[in-house]
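If you want the building blocks of each chain, they are given just below.
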Amino acid sequence: MSVEDGGVPGLGRPSKARWTLMLLLSTAMYGAHAPLLALCHVDGRVPFRPSSAVLLTELTKLLLCAFSLLVGWQAWPREGPPWRQAAPFALPALLYGANNNLVIYLQRYMDPSTYQVLSNLKIGSTALFYCLCLRRRLSARQGLALLLLMAAGACYAAGGLQDPGNTLPGSPPAAKAGPMPLHITPLGLLLLVVYCLISGLSSVYTELLMKRQRLPLALQNLFLYTFGVLLNLGLHAGGGPGPGLLEGFSGWAALVVLSQALNGLLMSAVMKHGSSITRLFVVSCSLVVNAVLSAALLRLQLPAAFFLATLLIGLAVHLYYGSR
């Protein structure tokens, strides 16, 4: 039994062609998220509330799952939906919600570059929980591959994408402003460790839950996203005064919501038929897509660190999935 099928008899993956297409689409959507979000900016800032985008994304995923069940794309359980199996999905919804908000608070205690570099520790925490909770063992070669993924993410974050306009003579004073100095507080470091642990636990727990239950994926997602909508609705309502739910939304913002919703559904299929480790590789490979789109759409310059990170990611993929 391979690592990728989770060791559960009868839980095979989709056909190779569909599986490859699904991973490529998910990688592209992950990589496109930041550039699309940048295209939403008005006067250098996002014109809508971040909680609105998260809530609408969860709601879109919920509606797509319900539609899938209603039209029969996935079979409804003959004996009716076992609602008692919905309760366990409250925990991953709570964990995901906590991490989405923790990311915002982390920015108060460290600079963005430090966050981007150190957040790669969630690769290690995911691998740790993967071994502990699913009782899987990673070979030395696979462990080295994950270390290379962490190094690639840190290298990419540390190098950063450069705006060539900042180096031109006569640039506006704002463009010449120096970058935020590197810093991190003890509380920030503690919160970052909590963030990485929650990230790894939520990913592995969701995988375990989806593989243990003999339910259609759309129904499992329906349970998960119902809790997600309720949680994010509460967070949005309790966020204080601000723009309305749809205020400030544009076509680019709608595309961000739709792409993130579709990507969430694709990643749930990866968790069901693949593994949390596969998800790590998808997220890491999306860095390449992110950089290329940022260079094409936002005219940012690719630093040398990008090419080193790409090389490390390719080597990691070969070590983990290549012939042994």
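One can find the structure itself at the top, above this paragraph.
Keep in mind the model is a prediction, meaning the values are calculated, not measured.

### Quick word on the packing of aromatic side chains
According to the stated counting rule, one finds 6 aromatic pairs in the structure shown. Ring pairs connect the aromatic residues Phe281, Tyr320 and Tyr321, which therefore count as one cluster.

### Remarks on the nonpolar core
One finds Ile123, Ala145, Leu146, Leu149, Ile277, Phe281 and Ala316 to be the most contacted residues of the largest nonpolar core, which totals 25 residues. Of all the secondary structure elements, the ones that give two or more residues to this core are α5 (121–133), α6 (140–159), α8 (186–212), α11 (276–297) and α12 (304–321). Leave out the neighbours within four places in its chain, and Leu146 touches Ile123, Ala127, Leu138, Ile277, Leu280 and Phe281. Of all hydrophobic cores here, the second largest spans 17 residues; its members include Phe89, Phe223, Val229 and Leu265.

### Description of the environment of Gly239
Mapped onto the elements, Gly239 comes out in the loop between α9 (217–237) and α10 (251–273). For Gly239, a relative accessible area of 48% gives the class partly exposed. Placed 188 residues apart in sequence, Gly239 and Ser51 show a C-alpha to C-alpha distance of 8.2 Å.

### Side note on unusual backbone geometry
The residue Arg135 is not glycine, and still its phi comes out positive at about 55°. You can see Arg135 is positioned in the loop between α5 and α6. What makes Arg135 exposed here is its relative accessible area of 72%.

### Considering the packing of helix α2 (residues 50–70) against α9
Following both chains from N to C, one finds α2 and α9 inclined at 155°, their axes separated by 8 Å at the closest point. When the interaxial angle is binned, α2 and α9 end up roughly antiparallel. The way α2 lies across α9 gives a crossing that is left-handed. Contacts from Ser51, Ser52, Val54, Leu55, Glu58, Leu59, Lys61, Leu62, Cys65, Ala66, Ser68 and Leu69 in α2 reach Ala218, Leu219, Asn221, Leu222, Tyr225, Thr226, Gly228, Val229, Asn232, Leu233 and His236 in α9. A per-class count over the contact of α2 with α9 returns 13 nonpolar, 8 polar and 2 charged.

### What about the pattern of salt bridges?
Counted according to the given criterion, the structure contains 2 salt bridges. One salt bridge in this structure joins Glu58 and Lys61, with 2.9 Å as the shortest N-O distance. With Glu58 and Lys61 both in helix α2, this residue pair falls 3 residues apart, about one helical turn. Judged by relative accessible area, which is 13%, Glu58 ranks as buried. Here Glu207 and Lys211 are joined by a salt bridge, their closest N and O atoms 2.8 Å apart.

Reading the values: rules and limits
- Residues numbered from 1 in each chain as written.
- Predicted model: local features only at pLDDT ≥ 70, side-chain atom pairs only at ≥ 80, totals over all residues.
- Heavy atoms only, no water.
- Phe/Tyr/Trp six-rings, centres within 6.5 Å; stacked < 30°, edge-to-face > 60°.
- Core = buried A, V, L, I, M, F, W, Y, C linked by side-chain atoms within 4.5 Å.
- Buried < 20%, exposed > 50% of the residue type's maximum accessible area, 1.4 Å probe, protein only.
- Helix = DSSP H or I, 4+ residues; strand = E, 2+ residues; numbered from the N terminus.
- Contact = heavy atoms within 4.5 Å.
- Axes fitted to C-alpha atoms, helices over the stretch in contact; angles between N-to-C directions.
- Parallel < 35°, antiparallel > 145°, perpendicular 65-115°, else oblique.
- Left-handed = near helix turned anticlockwise from the far one by under 90°.
- Nonpolar A, V, L, I, M, F, W, Y, C, P; charged D, E, K, R; others polar.
- Salt bridge = Lys/Arg side-chain N within 4 Å of Asp/Glu carboxyl O.

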